[in-house]
Amino acid sequence: MRAVELFEQGRPHAQIAGMLGVRPESVRRWKRQWEQGGAAALRRSPATGRPPKLDDAQVEQVRAALEQGAQAHGFEADLWTLERVGLVV
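Keep in mind that what you see is a predicted model, and the values were worked out from it rather than measured.

Rules used throughout
- Residues numbered from 1 in each chain as written.
- Predicted model: local features only at pLDDT ≥ 70, side-chain atom pairs only at ≥ 80, totals over all residues.
- Heavy atoms only, no water.
- Salt bridge = Lys/Arg side-chain N within 4 Å of Asp/Glu carboxyl O.
- Helix = DSSP H or I, 4+ residues; strand = E, 2+ residues; numbered from the N terminus.
- Phe/Tyr/Trp six-rings, centres within 6.5 Å; stacked < 30°, edge-to-face > 60°.
- Buried < 20%, exposed > 50% of the residue type's maximum accessible area, 1.4 Å probe, protein only.
- Core = buried A, V, L, I, M, F, W, Y, C linked by side-chain atoms within 4.5 Å.
- Contact = heavy atoms within 4.5 Å.

A. Main features of the pattern of salt bridges. Here the structure, examined in full by the defined rule, presents four salt bridges. The partner of Glu5 in a salt bridge is Arg2, with the nearest N and O atoms 3.1 Å apart. A residue pair is termed a helical-turn pair when its members lie 3 or 4 positions apart in one helix, as Glu5 and Arg2 do in helix α1 (residues 2-8) at three residues. Within the structure, one salt-bridge network assembled from shared partners comprises Arg23, Glu25 and Arg28.

Next up, the structure:
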């Protein structure tokens, strides 16, 4: 991780922020995490949030249906709208 290397070199927060293209506040937060938990504390954690409602196979079924076009599913125009996609799903 580049940020850890720069922390270890003793570079100022503003300089690290400029080098990495982030805000100094982010660098300060990263450094606190690094000081408390080492480099492992800075590794990405899994995304949180609502679990998906469709499994991988279902997503593929929807993708295949959408690729057939809207008319193949009984719509007059071959145009997908959010409402139409919802009906197919």
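B. Highlighting the packing of aromatic side chains. Scanning the entire structure with this criterion turns up two aromatic pairs. Residues Phe7 and Trp34 carry aromatic rings whose centres are separated by 5.2 Å and whose planes lie at 35° to one another, so their mutual orientation is tilted. Note that Phe7 is positioned in helix α1 and Trp34 in helix α3 (residues 24-37), a separation of 27 residues in sequence. In terms of burial, Phe7 and Trp34 fall into one category: buried.

C. Highlighting the nonpolar core. In terms of nonpolar packing, the biggest core is built from nine residues, these being Ala3, Val4, Leu6, Phe7, Ile16, Ala17, Val27, Trp34 and Leu42. Mapped by element, the contributors of at least two residues to this core are α1, α2 (13-20) and α3. Of all the elements, α1 adds the most residues to this core, at four residues. In contact with Ala17, other than residues within four places in its own chain, are Val22, Arg23, Pro24 and Val27.

D. View of the environment of Met1. Note that Met1 resides in the segment before α1. Excluding anything up to four places from it in sequence, Met1 contacts Ala39, Leu42 and Arg43.

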